[in-house]
Amino acid sequence: MSTAQVLKARVRAETPHTGIDTVDAKQLADGLARSLAETYVLYVKTQGCHWNVVGPLFYGLHKLTEEQYQGLAKAADEIAERIRALGHPAPASFSEFLQLSDVKEMSGRHSAQDMLTTLIADHETVARTFRDLVGLAEKGNDVVTADLLTDRIHAHEEAAWMLRSIASV
Ligand SMILES: [Fe+2]
């Protein structure tokens, strides 16, 4: 292959021979694309709360959202790379993320209480998206994706609990 051809290489669907059916891999990649989109939108939203929170809840919410957005950024990378390992391209633009995600953007000014209410609902939304996909991963013998999803459900349930605990002060 010439250098020109190498430089023109583009990502395309591949078929890894690791024991996962091709149709299952495509369905899992599609489900993970939605999971990635929701993780990314929630990452941006959480960072916005970290930056803009004011009032008596500032310190606790500023610190907690920092931990949470860092976790979401790491998770987005892991989910995207799992899509690639399944042989499919990962969505990587805000327009795709917003189209795929049930978690919606948050702009403008908000009270700390509004931020908490919104983030709690969003973590619950993402946990449901991941949970819906676990059955498909198990059915397709994709234990790696099932493990990743299980870890993420745990993280989102924990995040919602911690935010709820601040909200009920
Ligand atoms: Fe910061």
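This text follows the structure it describes.
1. Thoughts on the pattern of salt bridges
Between side chains of opposite charge, pairing is possible as soon as their charged atoms come close.
So, step 1. Scanning the entire structure with this criterion turns up eight salt bridges.
So, step 2. Among the salt bridges present, the one from Lys26 reaches Asp30, with a minimum N-O distance of 2.7 Å. Taken together, the positions of Lys26 and Asp30, both in helix α2 (residues 22–52) and four residues apart, correspond to about one turn of that helix.
So, step 3. Classification of Lys26 as partly exposed rests on a relative accessible area of 39%.
So, step 4. Classification of Asp30 as partly exposed rests on a relative accessible area of 41%.
So, step 5. With its nearest N and O atoms 3.1 Å apart, the salt bridge here joins Glu78 to Lys74. Placement of the pair is Glu78 and Lys74 together in helix α3 (residues 58–85), with a separation of four residues, close to one helical turn.
So, step 6. In the salt-bridge network here, residues are joined through shared partners; they are Arg34, Glu38 and Asp102.

2. Comments concerning a nonpolar patch on the surface
So, step 1. Together, Val44, Phe94 and Leu98 line one region of the surface with nonpolar side chains, adding up to about 270 Å² of accessible area.
So, step 2. The topology assignment puts Leu98 in helix α4 (residues 94–100).

3. Details of the environment of Leu119
So, step 1. As for its placement among the helices and strands, Leu119 is situated in helix α5 (residues 112–139).
So, step 2. Those residues within four positions of Leu119 in sequence are excluded, and the remaining contacts are Leu42, Thr46, Cys49, Thr65 and Leu163.

About the cut-offs
- Residues numbered from 1 in each chain as written.
- Predicted model: local features only at pLDDT ≥ 70, side-chain atom pairs only at ≥ 80, totals over all residues.
- Heavy atoms only, no water.
- Salt bridge = Lys/Arg side-chain N within 4 Å of Asp/Glu carboxyl O.
- Helix = DSSP H or I, 4+ residues; strand = E, 2+ residues; numbered from the N terminus.
- Buried < 20%, exposed > 50% of the residue type's maximum accessible area, 1.4 Å probe, protein only.
- Patch = residues over 30% accessible without salt bridge, like charges linked within 9 Å, V, L, I, M, F, W, Y side chains within 5 Å.
- Areas by Shrake-Rupley, 256 points an atom, 1.4 Å probe, with all protein chains shown as cover.
- Contact = heavy atoms within 4.5 Å.

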